Amino acid sequence: MTSGPGDDLVVESPDERPGVPDAFQRLWTPHRMVYIGGENKPSDSTEKQCPFCRAPGRSDEEGLVVHRGVVAYVVLNLYPYSPGHLLVCPYRHVSDYTDATPEEVAEIAALTRRAMTVIRAVSGPAGFNLGINQGEVAGAGIAAHLHQHVVPRWAGDANFLPIVAQTKAVPQLLGQTRELLADAWATTAG
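Worth saying up front: this structure is predicted, and the values here are computed from it rather than measured.

Engineer: Describe the packing of aromatic side chains, naming the residues involved and giving the relevant values.
Structural biologist: Counted by the stated rule, this structure contains 1 aromatic pair. On the basis of an interplanar angle of 25° and a centroid distance of 5.2 Å, the ring pair of Tyr73 and Tyr91 is categorised as stacked. Pair noted here: Tyr73 is in strand β2 (residues 72-76) and Tyr91 is in the loop between β3 (86-90) and α4 (102-123), with a separation of 18 residues, a long-range link. For Tyr73, a relative accessible area of 0% gives the class buried. In this structure Tyr91 comes out as partly exposed when scored by relative accessible area, which is 26%.

The structure is reproduced here in structure tokens:
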């Protein structure tokens with residue numbers, strides 16, 4: 001798709017670009033390049049560079065914080081796999097689950113359960129993926145700070161876009177998602 005100031009939106013024909021023409025339309029997601037290029041990735045593993053250490057020092061809206069606990073907090077993922085993708089993080093800069101204190105482990109578990117309840121109340125997913133990626137080789141984008149993923153899933157959400165186009169469609173702005181989840185956190189029993 002191309003457009004310029006004052007132009008109407010134009011859908012390009014697949015045969016107008018290099019490569020073998022095919023029947024597929026193109027969905028361009030240039031905003032994903034900041035993640036792929038590592039734009040917000042810390043330059044080192046120190047607390048000063050860590051986004052999970054900086055987020056609690058910001059307002060909830062600016063930091064995308066959904067809930068603050070005693071030793072851990074819940075934050076919206078800046079690059080979500082699906083709408084409502086949350087991360088449960090200890091405040092303390094610790095990278096390995098085995099180094100978390102018993103209090104951190106207990107609160108991470110409790111906040112993960114609560115996050116599932118809240119997400120169900122807000123958007124009714126059919127299931128969840130929960131997980132901690134330990135180390136870069138295991139897929140941790142920010143390996144220096146422990147974080148538990150709470151990823152809501154719906155039937156058919158892993159459609160052709162991520163498989164064929166390596167693209168994920170997220171139909172809601174992060175600020176709107178954070179507000180819905182934070183409001184529900186305060187009013188949902190669990």
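Engineer: Quick rundown of the pattern of salt bridges? Include the residues and the values.
Structural biologist: The tally for this structure, following the rule as stated, stands at 4 salt bridges. One salt bridge connects Glu61 with Arg178, and the closest N-O pair in it is separated by 3.4 Å. Linking Glu61 in helix α3 (residues 60-63) with Arg178 in helix α6 (residues 174-187), this pair joins segments that are 117 residues apart in sequence. Across the pair Glu104 and Arg92 runs a salt bridge whose closest N-O atoms are separated by 2.8 Å. Placement of Glu104 in helix α4 and of Arg92 in the loop between β3 and α4 is noted, with a sequence separation of 12 residues between them. Take Arg92: its relative accessible area is 35%, and that puts it in the partly exposed class.

Thresholds, definitions, all that
Residues numbered from 1 in each chain as written. Predicted model: local features only at pLDDT ≥ 70, side-chain atom pairs only at ≥ 80, totals over all residues. Heavy atoms only, no water. Phe/Tyr/Trp six-rings, centres within 6.5 Å; stacked < 30°, edge-to-face > 60°. Helix = DSSP H or I, 4+ residues; strand = E, 2+ residues; numbered from the N terminus. Buried < 20%, exposed > 50% of the residue type's maximum accessible area, 1.4 Å probe, protein only. Salt bridge = Lys/Arg side-chain N within 4 Å of Asp/Glu carboxyl O.

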